[in-house]
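Structural description and commentary
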Amino acid sequence: MIYFNAFLFAGVVCLICQVVLDNTKLTPGHITSSVTVIGALLSFFGIYDKIVLHCGAGATTLISNFGHMLYSSGIAGYEEAGILGLFTKLLCSSGVAIVGVVIFSFVFTLLFKAKD
Amino acid sequence: MNKEEYQELVQTLTPKEPKLRNAIVAFLVGGSIGFIGEIIVKILMESFGLSRVDSCAWLAFILILFASLMTALGKFDNWVTKAKCGLIIPTTGFAHSVQSAALDYKKEGFITGIGANMFKLAGSVILFGIVSSFFLVLLRVMLYG
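A brief look at the structure comes next. (Residues numbered from 1 in each chain as written. Chains lettered and ligands numbered in written order. Predicted model: local features only at pLDDT ≥ 70, side-chain atom pairs only at ≥ 80, totals over all residues. Heavy atoms only, no water.)

**Things to note about the environment of Lys84 of chain B**
Along the chain, Lys84 of chain B falls in the loop between α4 (76-83) and α5 (85-88). The sequence separation of Lys84 of chain B and Val29 of chain B amounts to 55 residues, and the corresponding C-alpha distance is 9.2 Å. Once residues within four sequence positions are removed from consideration, Lys84 of chain B is found in contact with Gln18 and Leu21 of chain A together with Glu17, Asn22 and Trp79 of chain B. (Helix = DSSP H or I, 4+ residues; strand = E, 2+ residues; numbered from the N terminus. Contact = heavy atoms within 4.5 Å.)

**Brief notes about the packing of aromatic side chains**
Inspection of every chain in the model, using the stated rule, returns 14 aromatic pairs over all chains. Taken together, a centroid distance of 5.1 Å and an interplanar angle of 70° make the contact between Phe44 of chain A and Phe45 of chain A edge-to-face. On the accessibility criterion, Phe44 of chain A (10% relative accessible area) is buried. Three or more aromatic residues link up through ring pairs in this structure, and these residues are Phe104, Phe108 and Phe112 of chain A together with Trp58 and Phe61 of chain B. (Phe/Tyr/Trp six-rings, centres within 6.5 Å; stacked < 30°, edge-to-face > 60°. Buried < 20%, exposed > 50% of the residue type's maximum accessible area, 1.4 Å probe, protein only.)

**Quick word on the nonpolar core**
With 60 residues, the main nonpolar core has Phe9, Cys17, Ile63 and Phe66 of chain A together with Ile89 and Phe94 of chain B as its most contacted residues. Top contributing element to this core by residue count: helix α3 (residues 52-72) of chain B, with seven residues. Those residues in contact with Ile89 of chain B that lie beyond four places of it in its chain are Val13, Cys14, Cys17, Ile31, Thr32, Val35, Leu62 and Ile63 of chain A. (Core = buried A, V, L, I, M, F, W, Y, C linked by side-chain atoms within 4.5 Å.)

**A short note on helix α8 (residues 123-144) of chain B**
If you check α8 of chain B, its first and last C-alpha atoms are 31 Å apart, about what 22 residues at 1.5 Å a residue would give, namely 32 Å. Within α8 of chain B, burial applies to Val125, Ile126, Gly129, Ser132, Ser133, Phe134, Leu136, Val137 and Val141 of chain B. For α8 of chain B, the elements touching its buried residues are α2 (28-44), α5 (64-89) and α6 (95-111) of chain A together with α6 (91-104) of chain B. (Expected span 1.5 Å × (residues − 1).)

**Considering the packing of α5 of chain A against α8 of chain B**
In helix packing, the relevant descriptors are the interaxial angle and the interaxial distance, both defined with respect to the helix axes. Interaxial distance between α5 of chain A and α8 of chain B falls to 9 Å at its minimum, and their mutual angle equals 50°. Taken together, the axes of α5 of chain A and α8 of chain B are oblique relative to one another. For the element pair α5 of chain A and α8 of chain B, the recorded crossing hand is right-handed. Mapping the contact onto sequence places Phe66, Gly67, Leu70, Tyr71, Gly74, Ile75, Tyr78, Ile83, Leu86 and Phe87 of chain A in α5 of chain A and Val125, Ile126, Gly129, Ile130, Ser133, Phe134, Leu136, Val137, Leu138, Arg140 and Val141 of chain B in α8 of chain B. Tallied by class, the residues present in the contact of α5 of chain A with α8 of chain B amount to 16 nonpolar, four polar and one charged. (Axes fitted to C-alpha atoms, helices over the stretch in contact; angles between N-to-C directions. Parallel < 35°, antiparallel > 145°, perpendicular 65-115°, else oblique. Left-handed = near helix turned anticlockwise from the far one by under 90°. Nonpolar A, V, L, I, M, F, W, Y, C, P; charged D, E, K, R; others polar.)

The following block contains the structure:
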């Protein structure tokens, strides 16, 4: 069942974004940023945790999970060490995405040339 | 021919975006990424004994590696043109935007090229992600202590 939910959730989010992209003047940059913020908002209302529980990787592969991870590690950091913990731990679990992207992009940029 | 007639002519000649087809393709591609991701997570959990959170982090890692490598090999751009949001909204789109910006500006040097332009497109995701989650955490703390 979780496989079907994963397919459905990821598919529906992509579908909605595609419809917005085609019918408004927003660029992909606007849409990915808004989806990230929406992820953080859903996490704030405690909805995203439930979505992850039911849809598994369907929810964690999307960019909205970036906002969710930022928010949840921010909360965990605050509970651990107060306002300083919020600053030091905010990027804790989303670091895998940022560091991964930077390292791979840098290495592959050194190895490959731009195709036109 | 006056200006309005010209505008009308332009509109009739501009190729129409196949909106329905785009939406269906985005649904299928995005859904498949979620579905395959779930299979990978299950495999990681069962064969390596990882927790669900760790498996999801590995999955993000695998998707980023895959998207960066395919962008560097020049294949991913064509896929994005076809699948659009199906590949932009998952983590692959994030990796793709950084990788393609870095490759495009490689010829301008390390500092002014790669360094300055790497996050040209993905920077807004990081900025608004951090800003929104920071203030939401503060709001939560103020409301519930």
